[in-house]
Each structure stands twice: as C-alpha cells, then as structure tokens.
Amino acid sequence: IFCVWRGGSTLHFVMQSRYRLNVTYDVINQSFFIFLSAGAGGWSPLVSDRYQWLEVDLGERTKITAVATQGRYGSSDWLTYYLLMFSDTGHNWKQYRQEDSIGSFPGNSNADSVVQHKLQQPAIARFLRLIPLDWNPSGRIGLRLETYGCPYTSDVVSFDGGSSSGLVFRSPVSRRTSRDVVTLKFKTLRNSGTLLRAEGRDGLGFSLELEKGKLLLLKQGRTSASEPRRLASLGSLLDDQHWHHVAVERRSSHLNLTVDKHTERVQIPAEFSHWDVEQLSVGAVQGFSSQKSLVSKRNFQGCLENLLYNGHNLIELARNNDHQVTVGNVTFSCAEPVSVAVTFTGPQSFLQLPGATASSSGGVSLGFQFRTWNKAGLLLTFDLPQQGGVVWLYLSEARLRLQIHKGGRALLELTAGAALNDGQWHSVEMNSKRGRLTVAVDKEEGGIHLCPSFCPILFCSGRPAEDTSHECRNPFNVFQGCMRLLTLENQNMDLIMVQQKQLGNYSNLQIDMCGIIDRCSPSRCEHGGRCSQSWTVFHCNCSDSGYSGATCHSSVYEQSCEAYKHNGNTSGHFYIDVDGSGPIKPQLVYCNMTEENTWMVMQHNNTELTRVRPSPGVKQHLVHFDYSSREEQLSVAISQSEHCEQELSYHCRKSRLLNTPEGSPFSWWLGGPGSGRIQTYWGGAHPGSQQCSCGLQGDCVDPQHYCNCDADRMEWTEDSGLLTHKESLPVRSLVLGDVQRPGSEAAYRVGPLRCRGDKNFWNAAFFDKETSYLHFPTFHGELSADISFLFKTTASSGVFLENLGIKDFIRIELSSSTQVLFSFDVGNGPLEVLVESRDPLNDNRWHRVRAERNIKEASLRLDDLPVATQEAPTDGHFHLQLNSQLFIGGTASRQKGFRGCIRSLQLNGVTLDLEERAKITPGVQPGCPGHCSSYGSLCQNQGRCVERTNGFHCDCSLSAYTGVFCQTEVSASFKPGSSVSYTFKEPYELSRNSSALPSSIYSDMTLRGENVSLSFRTNQSPALLLYVSSYYREHLALLVNKNGEQDVRLLFEGVGLNLANGQLHTVTIRRLSDSVHIFSTFSLIVFVSPESGDLDPDLARLASLGFAGCLSVVQFNTISPLKAALLHPDTSPVVISGPLVQSNCGSAGSANPYAEENTHHLSSELDDKLPPKIQLSIREEKLHSVQLTGTTKRCTFVCHTGFLKVSLHDQLHCSTHSD
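Computed from a predicted structure; not experimentally measured.

## Considering the sheet that holds strand 15 (residues 214–220)
One open sheet accounts for seven strands, arranged 16-15-14-13-20-11-23; its pairing is antiparallel. The sheet is open, and its two edges are formed by strand 16 (229–234) and strand 23 (325–327), each paired on a single side. Strand-to-strand, the axes of this sheet are offset by a mean angle of 15°, without reference to chain direction. Pairing geometry for strand 13 (residues 193–199) and strand 20 (residues 279–283), over four bridges, is antiparallel. Its bridge partner being in strand 20, R197 is matched across the sheet by S281.

Structure, rendered in structure tokens:
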C-alpha cells in the first residue's frame, strides 16, 4: 500500500481490516487529504461488512468542516452510504448527525466522481472514523477520502471535584455594565455538580447547575437560607464526556441561556434590575464562597474550555497568575478517563462473554451500568449448567427483575429499582455467595434469596440467532440502550478486545460509544404538550393543552365565534384560539348568536353599574379593569374583527365629566394596547373630540356644553354611548375627577368588550381560469406546517397551492372530483397523503381542508371524514426548505390550476389576505358569494337562508321559532284570563272590490287548507288550547277533553294516560279539503265544524275556564301569533289579555332533561271520509314501534302503559314489531 499525503507527512497503517492513519494537515491549504493509490488505488478491506472502519488521527484537535469521498480507483468498489464518528481520544466516539437526526451520509455512485458533504456544524476532534453502511452490490468496500478544516486552539482547565478544585474571578468594583456574557465549553462524566456561579452584592446571584445531565439556570436569594429558584432548564445527557457549548448573556431585562444549539430567553426578576457581577466562581463553589452550594452538594468534576467573561479569558488569566483570579487545585489540561460503552441498537444486537469458574465459596458476582429510554428489555441471561436452568435479568415497567427458570417455570423472582428508563446511568450488582443471592440497583438491594452456585456464560440483551434451545428463547422485549463497566468476578471485561474479535462474540453493536439520543430535549411537543420517548421514537401527550396532532401543533378550537356559528353552534361559552396553531393560548369567551350578528364577548372584572365612593384626601377616583383574556388575545381578537364596541356610561349628579373642549377634562379613560393611552372623549363621540354623544347629536341638556354631566345640575343625568374606535379598545382604566365636591354623586359602567365579524373567516378569492393564480412570499414551515382553507368548485381537479424549493416542495391539490392530495418532499423523497370522499367535491359547496406536516407524520383531513396520516422516516430529513414564491390557485410547475373559490386560507395560523391580492391580480376576483348552498341546512323550522356578502343569516319571520338558526322555541306561561288574539283584515275590505280575488290570507281563512302546530304543557283538564274562526263562520278548535264525549268527527281516546300531566306535548294538524292529518303526543280532541253560528255552549264553557299552562311555537299557516305577541307586540295585529310571561317552558329539557323520550308510531289508512294517514306519538318508559295497514270503516286504538290493545272492525291486515 502506497500513501500520498498532501503537505508531506508520514502515514501509519494498522494492517488489518480496520485502518488507523496518523496524519498532519496542510497549513497552507487548510485541508487534509488521504489518497491511497497503491495497486488499484484506495482503501478496500479484505472483508466487506459493516464491521469495517477507517480511522484518521489528525494529530491534534482540529475544526473539521467537510468530507469528500471517491471510490477505489479503476474499480467497481465504492461506498453508497457511510457513518462519520469523531473523538478526542480515540475512545468514546460520537456519531455526527445532520439536522440532529440523519445519521448516514450518501456516498458515491461510481468510482471516480467526488461527493462532498459540508458539515452543518463543524466537528472539533482529533480522530475521525468512517464506517461503511452500504456499497456497490457488484463490488466491494472501496474509498478515497479527503477532509477539510482548519487548526483549532483552546485553553483548557480540569477540575477533580475536590473542595479545593476551583477558580474564582473577582470583577473590578468600579465596573458597572448592563450586559454580561459568559461563554464556555465543558465535558464531564458526572451528571450533577455546580458548574458556575455569578454573585453580586449581598449574595444575590445566578448559577449554572448540572442536575441529572441537564443544565439548570438558578436564581439565588440574598440569604443562604433562601431556596434557589429555577429559571430555565436546557440540554440533556450532558454527562456523555463530550464537549458542550454554554453561553449566558445578561441584558437589562432578560437572560439568554444557550446550550449547544438551543437558546431559551428568561425574564430577569425585578430585584436584578440594578445587579452587577462582583464574583464569578467555577468548579468548587463551596470552597471559594461563603454561600452554600445551590442545589447539588457535589462540585463539578470535568474539563472546561475557553472560559470567557466579557471578553476576558479566565483560564489564560489563571495560568498567568493574574491577581483578579484565585485558583485552587486544577490542571491546565483535560485528563479524560477511558470508559468503553457499548450500544445495543435493535433486535439483532447481542453480546456474548465467557463466564468465570465459580470461586471457592461457590459464589459469582457480576456488575454493569446501563442507560435506556425503554421500560422493558432483556439485559442479560446466562445458564446454570449444574442445576439445569437459566437466569434472566430484564427490565419490566421500568423496574429491574431477575428470574430463574427451570423446566418452563420460575423458581425465583426478585425486583429492584424504579423509573429506570429515565436515560440516566444506573448500576446493577448481582452477587451469589454462600447460597445467598442479592441484586442491587444504584447500591440499593432489591432482594435476598437462597440460591445454589452457578457458573455463567453471559449473554447481554440477546442471544445468537443460531441458539434456538428452549431455555435460550427470549421471552422478553429486546433491550435497546447502552452498557458500560461490565465486570465478572470483579474483573473488568475488555470490550475493545471484543471489538477486535479476541474475546467473546457480538452482533449489531456500536462499541466504544453510547448512541443514546434524547428526543425530548429540546421537546418537539408544542403548546405545552408533554414529551415521552422510547429508544427510537418520541410521543406527545396533548391532553389538556387545547391542541392535537403528533406534536400538539393544531388547535382543537375555532378562531372566532363566527366559525363556531357555521359549525351549527348556538350561543354559549366557547374557547377561541385567535391565532390557530400560533403561540397565543386559547381563551374562554361568550359567543352571543341570538341576533343577526354573532358577537364575541370578553368580560372584565366589573361590568356592573358602580357607585363612586371617593376616598378622603384623594382628588381623583381611579378604576382599573382586568380582562379575562390576556393582552395578546385581546389585541388579535380586536384586529381580526370587523367591528368592536364597548359601552361607557357615566351617571352624575353635580359631577362634571369633560368640562369644555377648551378646558382640561375632569375625567378621562385609558384604552388601547398595553396599559392604554389617555382618551378624552366619551361613549358615542369621536376620538379626540372631548365630547359626549349628546354633544355630537346636539341634544345635551345644556346647549353650552357637550356632555349632559357638564351642566353640573342637581338632577341625576347621564352620558352614555358606545366606543367603536378599535385602536382605543379595550378600556383599561377610568380616572374620575369631579367626585369630591359637596353634593357630588356619580356612578359609572364599562361594559364588556364585544366584537363581531371575522375578517379572516370570510376572506376569499374566486379563480375564474385554470391559469389564474395569486402569489405570496415563501412559506416558512421548516419543522411544523399546518395549512387550512375552504374551497368550492365545479371543476374536477386543480392545484390549490404549491411552494417549491431546490429539491423540497409542498403541494395540496384536488386530484379528482372525489380526492384531495397532500404531497411534499423534505429530502427523503416525495410523500403523499390522500383522502377520498364518497360524494363529489365539485358540487359548488364549501369543503374544508386541513393539512399538517411535522417531524413525526403528515396528516390530511377533509370535512368530517376520518383523518389520513403518513409517518415520517425516523432518521430522515425533517427541515422543509423552500425558496420560491407561494402560489395559490395555480402552480409554478405548470400543472393544472384551480378554478373556483378558496376561502379562509391560513398557514401556521396566519391568514393570507386573498381579497387584497385579488384586487390587483388579473383573472382573480375578491370575495366569493353563495353560502346558503353550504350553510342553508342550518336554518331550521321553516327558517329561510338569506345570503350576505360575508356569510348568511336565517330569516325566522315565517317560523314560529327564533334564534340564530330559528331553533329557539317561543313560549309563554298562561294563567286563567290570559289570551292572545291575532286579528286579520276586516272582511268588509274585500267587498269594496268585488272583482278582486280573495287574498291568500283570506283564502287560508276559508279553512280549505290549514297547517296548525303547537306544543303545550298543562295540569288542567278540560282546557281550550286554540280556537280559530273565519269570516265564513267556520271554526277550528283544539282542546283537551276530560271524558271524550264532545261532538266531534274524529276521536282518539287515551285510556290510563293523563294528558294534563305537566309534560310537554306537541300537536301538528294539516287539513287538505276533507282530509285531516294529525300528529299528536297524547289523547287530543281535534274537531272541524263547518256549520255557522256562534261559539257553541261547550266551547264557551271551556273558554270561560281559561287556560293555565304553557303554550309554545304556535303556528297557523305562515302566522305565528304567540311569537308576534311576545316579540313584536307593537307592530303586529295582536291583542293580549291578562298576564302573559315569556319563558322557556316549551323546551323539552325544561320538563325533565334526564327523561328518556320514547315514541310509538301508529299509521292507518281509512276510507275517503276519514284521514288517509293517522300517526300517534306517545312518550313512555319503553320503546315500541307498531305499524298497522288495512281498510276499515272504523277502528279504535286503546293504549295502556307497557302494552297496546287494538279493537278492529271489518278486515285489517296487521304487522307489529316490538323493540
């Protein structure tokens, strides 16, 4: 083998399959080059497998920035994938990962081309190791390698953890600054210890503390007895004996803590506003300070590098014996203990070690340390040759368990430890001596049991695949984690010899490294989701966070009351997430949907009319209002609403308000963002006018003033109105000045903040051509991206949106009339998520699309269909890197554009203003009408959907109901003597124009066709519910009859059922010609009497009794007399007699909300003189369904609780079904 080295240096090869090269670097070119050209040229081991590696010794620690590879010259030998490892000592290797996830590097596709990879973060190491993963299947492993970098210099100090091993820097007394910066690197094998402390006057200070491998930023109080308070926690697994970068930057109001590549901003407590660093302590803090150690009682043991404080190199000052630095027992080099670990990566990993002969005492001892994230897994097993059994040592539910099996049954079981899956190193010791077996975890014994002596052969984590004996089958989960310090009979097992095939056997292991990764540090779970992990994956628990998805990214709440309304919700309290997946938390608001507009109501701590009670000696009365919503929630809610308002009123008696426009106001209020700005106008007036509503309208009680209260009269008066200038909302506080004079009295009221109209929800654009599109700046969703919008179209396909990068892209499209496709590529190859609908999507109705992509998965939801997901590769690329413009409704890749409407397009919670961009874009129109086709079904009970530019509303004028969806019953409580009369036009108006045909309303009054419905609740029997009479002396009456003896044409008699039972009953009557359709809940007498004459005596007697009970949703054809009397008494032809009180007595829930509503249905076809169809509905405790069909002259239905009795005349064919 002939080695050529650029820059001139000797190469040393270890002539094995695994090679080590000792080289130096080219100072001029600042690169390192290894070109092996002897024979075929390049490195090619005798055996091509994954146990080969090429190691380079650069002579000293070097900053490595890139690597490049070629195949072996003139051959078919090249690598297609490989790993890179780095080390300072040639032990304890660390795998280099791109994007913290991707472990492998793509190699070559032939022997000649050079493939270079620039490292995203330079690696600083002396040793580099390249491990082949895959190679040309038609050849062997072959490699030529070049590395790029530059020299690296540093100052290092080592602390042994003793009480005198430390360094203290005392800052000059005269020095004061508002900015302090401390930077350093450290490495350690201990997971706890005080790393650094900054102390000011009176002991007030900060400290950096290692605790279980995490770095804590703590605040120390002025006294030693005060408990330190945690301000931040960053990093994990920092006890891995690798260098970690730390930076602490103090500014006037906050601290920035950086650990490796992650930074957290921390607000500085108020007592540190004038704090300065007087002393900086490193290492053994207790030995150099009067204060006690903050959390951990152990001193830091390990190495520090390049310790800088405000530009001062403290290690250099200490080496030079500078007077500002006091140094204890330290060394200015890094002494690193060698601890060889082994990583079990998967199901095929195992380590077999030879056992030792039992000692003279007949005992055996073994020990090791392990760390893992998994709750379960087999740690080791060995046979008992003399006793014929097997020992299993394993994890179960994060506890250590030992079992001895023989003949298929467990002879012994011991348990020790708890929560051993925390990623920390845990020690295990097992001893068998004089017939006693003990197992200890972290020095705590878990059990003692009599046990015979044994001589083991250790199998760690698994067994060879060829070992298939019954006792050797692994009944437990596979262990994934790290082990180190394996001892047998108090002798260390040399794992390097195992790696060199000189001791034991192994498979699929990573030796001389611990490959554990903390996937929860930093946590990828957003919005407070709790992160947990196993060896290979992490999981986010999103419960109680208000967000959902694999990383708790997407909000489960709507962004406005308007959105809740269009989901079919009515008034109530709802959580609103104003920025969707953004950082602002959800807020609880009241959505008032009882009017045409939907109001979002945000309360504060005092919305009642409040009397001013001045304090003695205080000239002004100050009132502050605290809102239930946070500042950022209020700000966004106001900005995205079309209109906001807040009532402001002042009731006064000899208490002036604003004085005159030329004078200084007595009172003012503060409103707007933050603490608010001073406002000198009142409700109903314009900003800056220093007027009240009456001054604007010109109707103040004193024309010389612009507010009623400024008249300064002894009579009570008020100034009230609405504040509608959004920039001045909400009202933060009131300052009332003229309240101290004798005789002055005042009261104020500031109503809740009310906003309506969601500008984002209705922001839409119409694309009338497949070639039209809108473009926006590049979408930035590197780690998490959510996209939501609504669309409607008549086209069968088209691209909704697309954004491209060099290789990456993201796209959502209508791929067919029933399919929506979400596709993207983050460097691992295209990934697609498809949702298919059974119904066509090009039906010109609104459909909602929600797509999300994060580092765990991609998901797509269409309307209310089940969500479709695709998992992301565990160790793949996860940064989405885009650089082109974002295209909406079209595409840059020349695919078919979208033709139709897109509305409420949001990317990561931010709404794109489609309408504004559409105004200046040819082929695209702002807005998109036609909402009733999608939302009209929300209008109930004959409510009519009415289109609006932004949305719709339900017109309830032809319905007996009211409410946002005509869903609220209009009910009234009647007492004897109460009645409502609805009068139609006088009949003589018809006779004045005999040639004119009767109007539709008089046509209705002929009783040739009526639709009557109502609900009632009463304990009275008999009772007259409804009476209708016409000009032609026809009448219709609806009554409850006690004995069923009235002169009627049709009779249903309920035997054993009490109609006047206080329960809610509903009746619907439809008459067409001589037919009557009846829908009833209990026995009702419904009669039609075409004979002329006054009210017959029986009805008159019933009418004289009056009605006591509840009537609800009374409707006669298109007339709703009860609704007119209750809601529009001044504009409707109604006469109300006696007390009439509106209530919710007609609500089914008001009767017994917990009662089960069960229904019977009876139908019968009779002859021409009787109704062709009769249905009777009864509420009972049991559910029955009975259908009867046939022809007869007469039939009687008699109902008893729990069964049905039917009497029939003539022939009737019956079919019954009881459920």
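## Considerations on the packing of aromatic side chains
Under the defined criterion, the tally for this structure stands at 31 aromatic pairs. Ring centres of W93 and F127 lie 6.4 Å apart, and the angle between their planes is 75°; this geometry places the pair in the edge-to-face category. Of the two residues, W93 is situated in the loop between strand 5 (79–87) and strand 6 (94–95) and F127 in strand 8 (residues 115–135); the sequence distance between them amounts to 34 residues. The same class applies to W93 as to F127, namely buried. Ring centres 6.2 Å apart and planes at 65° place the aromatic pair F159 and F300 in the edge-to-face group. Pair noted here: F159 is in strand 10 (residues 156–160) and F300 is in the loop between helix 1 (285–288) and strand 21 (301–309), with a separation of 141 residues, a long-range link. A residue is classified by how much of its surface remains accessible, and F159, at 3% relative accessible area, is buried. Members of the aromatic cluster, joined through ring pairs, are F767, F789, F791, F800 and F898. The aromatic ring of Y51 is capped on one face by K501, whose charged end is 4.9 Å from the ring centroid. Above the face of the Y506 ring, K501 is positioned so that its terminal group lies 4.3 Å from the ring centre.

## Focus on the sheet that holds strand 61 (residues 819–825)
Pairing in this open sheet of six strands is antiparallel, and the strands run 57-66-59-60-61-62 from one edge to the other. Either end of the sheet is taken by a strand with one partner, and the two such strands are strand 57 (774–776) and strand 62 (831–836). Put simply, the sheet's adjacent strands are angled 15° from each other on average, direction ignored. Examined bridge by bridge, strand 60 (residues 809–816) and strand 61 share seven bridges and lie antiparallel to one another. Among the inter-strand pairings, E813 is bridged to a residue of strand 61, identified as L821.

## Details of the nonpolar core
Within the largest apolar cluster, 63 residues are counted, with the highest numbers of intra-cluster contacts made by Y650, W682, L734 and F952. Among the elements that make up this core, the one with the highest residue count is strand 49 (residues 641–653) (four residues). Formed by 42 residues, the second largest nonpolar core is a distinct cluster that contains V157, L231, A232 and V266.

## A look at the pattern of salt bridges
All chains considered together, the criterion is met by 29 salt bridges. Residue E770 pairs with K896 through a salt bridge whose shortest N-O separation is 3.4 Å. Separated by 126 residues along the polypeptide, E770 in the loop between strand 56 (764–767) and strand 57 and K896 in the loop between strand 66 (886–888) and strand 67 (900–907) bring together distant segments of the chain. K896 sits in the partly exposed class, given a relative accessible area of 36%.

## So, the side chain of S629
Position of S629 relative to the elements: it lies in the loop between strand 48 (621–624) and helix 5 (631–639). Residue classification places S629 among the buried positions, given a relative accessible area of 6%. For S629, the contacting residues outside a window of four places in its chain are Q587, V589, M602 and L634.

## Section: the confidence of the model for the chain
On average, residues of the chain carry a pLDDT of 81, and 80% of them reach 70 or more. Under a pLDDT of 50 for its full length, residues 987–1007 has, in the predicted model, 22 contacts with residues more than four places off or in other chains. This model gives residues 1043–1056 a pLDDT under 50, and the stretch forms 24 contacts once residues within four places in sequence are excluded.

## Brief notes about the state of the cysteines
Following the criterion strictly, the structure yields 15 disulfides and no others. With its sulfur 2.1 Å from that of its partner, C303 forms a disulfide with C334. On the sign convention where negative is left-handed, the bridge of C303 and C334, at about 95° about the S-S bond, is right-handed. Of this pair, C303 sits in strand 21 while C334 sits in the loop between strand 24 (330–331) and strand 25 (341–344), and the two are 31 residues apart along the sequence. Overall, the relative accessible area of 1% leaves C303 in the buried class. Taking relative accessible area as the criterion, C334 reaches 25% and is therefore assigned partly exposed. The disulfide that involves C652 links it to C709, with 1.9 Å between the sulfurs. Across the disulfide from C652 to C709, rotation about the S-S bond amounts to roughly -95°, and the bridge is consequently left-handed. Placement of the pair is C652 in strand 49 and C709 in the loop between helix 6 (693–697) and strand 52 (717–723), with a sequence separation of 57 residues. Take C652 and C709: they sit in the same class, and that class is buried.

## Quick word on helix 5
The periodicity of an α-helix, 3.6 residues per turn, causes residues three or four positions apart to be oriented the same way. Restricting attention to buried positions, one finds in helix 5 the residues Q633, L634, A637 and I638. Buried positions in helix 5, seen along its axis, are confined to an arc of 120° and lie on one side of it.

## Section: the pairing of strand 60
Extensive coverage of strand 60 is indicated by the burial of six of its eight residues. Where strand 59 (residues 798–804) and strand 60 come together, six bridges link them in antiparallel fashion. Paired with E802 across the bridge in strand 60 is R811. Where strand 59 folds back on strand 60, the antiparallel hairpin that results is connected by four residues.

Cut-offs used in this document
Residues numbered from 1 in each chain as written. Predicted model: local features only at pLDDT ≥ 70, side-chain atom pairs only at ≥ 80, totals over all residues. Heavy atoms only, no water. Pairing = 2+ DSSP bridges. Helix = DSSP H or I, 4+ residues; strand = E, 2+ residues; numbered from the N terminus. Axes fitted to C-alpha atoms, helices over the stretch in contact; angles between N-to-C directions. Phe/Tyr/Trp six-rings, centres within 6.5 Å; stacked < 30°, edge-to-face > 60°. Buried < 20%, exposed > 50% of the residue type's maximum accessible area, 1.4 Å probe, protein only. Lys NZ or Arg CZ within 6 Å of the ring centre and 35° of its normal. Core = buried A, V, L, I, M, F, W, Y, C linked by side-chain atoms within 4.5 Å. Salt bridge = Lys/Arg side-chain N within 4 Å of Asp/Glu carboxyl O. Contact = heavy atoms within 4.5 Å. pLDDT = per-residue confidence, 0-100. Disulfide = S-S within 2.5 Å. Arc of directions from axis to C-beta.

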